[in-house]
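Coordinates in review
Single-letter residue listing:
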Amino acid sequence: MDLHVGNPVVRGALTLFPVFNGGAVRGRGYDLGGSLRVAERAGTPVVDQLVVMNRGPRPALLTEGELLTGGWQNRVVTRSALVGAGRSAVVAVRCVEAQRWSGGTEHARDGERAPVAVRAATADQAAVWRRVAGYGAGATGSFQDAARDRRARARRLVGDLAPLPFQCGVLAGVAGHPLLLEVFDSPRTLAAAWDGLVAGTAVDAVGADPVVTPGLRARRFVVQLAAVPTAPVSGGGEGTAFAGATAAARLSSLSWRGRAVVTVATNPAHPLVVAA
C-alpha cells in the first residue's frame, strides 16, 4: 500500500490524520450502495447473515462497520462486499439489538457506522452484545438506543470536519494511541462515507482522556501494516476479501480489478479493542 499520512486535527481524545492513497483511481467502476436492498434471508432469518440485492447498473459497495436498522433486529456489517449489478449476495453481519427477534423483512441504511470497539468484537456475537450493553440501556438492547447520547455528542464533536482534497482515508487515534485506519481507492468514496465513519469513530472518544495521538505512533502503525500476512476469506461478493493479523495490527481488505477498494486496520493493543 502506498499510503501517506498528513497532519492531524485534534478534538478532545480524538486525533484524526488524513491519509492519501498513492494508488487512488479516477474512475472507480462501482457505486456506493444507493441501489442496494438489504433483507433478511427468505423463510427463516439468520442472525449472522443478510441478503443484499443490487438493483443498479454497476457493482455497489457495502462497507464493514455499517449499521443496518430494521428487519428482525439491527445489524452491523462485519466484512465489506461488492455486490454485482443485478445480483444478490449473502453478507456477514452481527446483531446489535439483543432483545428483539421479530419485525419486517427489509433493513434501512443511513450511512451510520458502529464505533471501533463494537467492530473489533464481531468475531463473537456474545462479545458484541456485551460491548453494546456497555453504552447504556434500551428497550430492545439496540446499540442505537443504548448509545443515543454518546452518538449525539460524537456528531457535535466532529460535525464541522470534512475531508481534504485528494484525501482517501482516515487514521484515527483515541487517547494517545492509533485505533483505526480506513482507506479507500477514491477520494469520492471517502467523501460519501465520511460523516458516518468519523462520527462512529468519535463515539468512543467521548469521555476518554484528551491525550493527543503523536504522529510518530500513527505513522509507525501504517508502516507495520506491510508485515501483516493476509489470506483470502469468503464474503467479498464480486470482490476478493482478505484478512490477517499480527500483534501490531488486524487487517482486512476488499480487492477488485487488481486494487484494494477498501482497507481497514485496527490496533489490537488499544484498550478499546482489548476491552471488546
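Being a predicted model, the structure only gives us computed values, none of them experimental. (Residues numbered from 1 in each chain as written. Predicted model: local features only at pLDDT ≥ 70, side-chain atom pairs only at ≥ 80, totals over all residues. Heavy atoms only, no water.)

1. Brief notes about the overall build of the chain
When its secondary structure is counted, the chain shows 7 helices and 17 strands. Its C-alpha atoms give the chain a radius of gyration of 17 Å, near enough to 19 Å, the size a compact globule of 276 residues would have. Over its C-alpha atoms, taken along the principal directions, the chain stretches across nearly 50 × 45 × 35 Å. Residue burial in the chain is summarised as follows: out of 276 residues, 52% are buried. Counting only contacts in the chain whose residues sit at least 6 apart along the sequence, the fraction spanning at least 24 positions is 65%. Taken as a whole, the chain presents about 11500 Å² of accessible surface, with 53% of it coming from carbon and sulfur. The chain carries 30 positive and 20 negative side-chain charges, and their two centres are separated by 3 Å. (Helix = DSSP H or I, 4+ residues; strand = E, 2+ residues; numbered from the N terminus. Rg over C-alpha atoms; globule rule 2.2 N^0.38 Å. Buried < 20%, exposed > 50% of the residue type's maximum accessible area, 1.4 Å probe, protein only. Contact = heavy atoms within 4.5 Å. Areas by Shrake-Rupley, 256 points an atom, 1.4 Å probe, with all protein chains shown as cover. Lys, Arg positive; Asp, Glu negative; His and termini not counted. Charge placed at Lys NZ, Arg CZ, Asp CG, Glu CD.)

2. Quick look at helix α4 (residues 148-158)
Among the residues making up α4, those that are buried are R151, A154 and V158. With its buried residues spanning 60° around the axis, α4 presents them on a single face. Those residues of α4 that are exposed and angled more than 90 degrees off the buried face are R148 and R156. The inward-facing, buried residues of α4 contact β2 (9-11), β3 (14-21), β11 (106-113), α3 (143-146) and α5 (187-202). (Arc of directions from axis to C-beta.)

3. What to know about the nonpolar core
Within soluble globular proteins, side chains that are nonpolar generally end up buried alongside one another. Membership of the largest hydrophobic core comes to 48 residues, with the highest contact counts inside it found for L14, V96 and Y135. Element by element, the count of residues in this core is highest for α5, at 7 residues. Core analysis: the second largest hydrophobic core is formed by 16 residues, F17, L171, L181 and V228 among them. (Core = buried A, V, L, I, M, F, W, Y, C linked by side-chain atoms within 4.5 Å.)

4. Describing the UniProt feature "domain: ARG and Rhodanese-Phosphatase-superfamily-associated" (unreviewed entry) in the chain
When the UniProt feature table is mapped onto this chain numbering, "domain: ARG and Rhodanese-Phosphatase-superfamily-associated" (unreviewed entry) sits at residues 3-263. Each end of residues 3-263 is marked by a C-alpha atom, and these two atoms are 11 Å apart; helix forms 21% of the span and strand 34%. (UniProt positions renumbered as here; feature names shortened; annotations may be inferred.)

5. Looking at the packing of α4 against α5
Across the interface, α4 lies against α5 with an axial gap of 8 Å and an inter-helix angle of 115°. By crossing handedness, the relation of α4 to α5 is classed as right-handed. Contact residues: α4 offers A154, R155, L157 and V158, while α5 offers V198, A199 and A202. Tallied by class, the residues present in the contact of α4 with α5 amount to 6 nonpolar, no polar and 1 charged. (Axes fitted to C-alpha atoms, helices over the stretch in contact; angles between N-to-C directions. Left-handed = near helix turned anticlockwise from the far one by under 90°. Nonpolar A, V, L, I, M, F, W, Y, C, P; charged D, E, K, R; others polar.)

6. Quick word on the pairing of strand β15 (residues 240-245)
Across 3 bridges, the pairing between strand β14 (residues 231-233) and β15 is antiparallel. Following the sheet pairing, P232 is matched in β15 by F242. The hairpin turn running from β14 into β15, its antiparallel successor, is 6 residues long, and G235 in that turn takes a positive phi close to 105°. Pairing between β15 and strand β16 (residues 250-256): 6 bridges, direction antiparallel. Looking at β16, one finds that A243 is bridged to S252. Between β15 and β16, which pair antiparallel and follow one another directly, the connecting turn spans 4 residues. (Pairing = 2+ DSSP bridges.)

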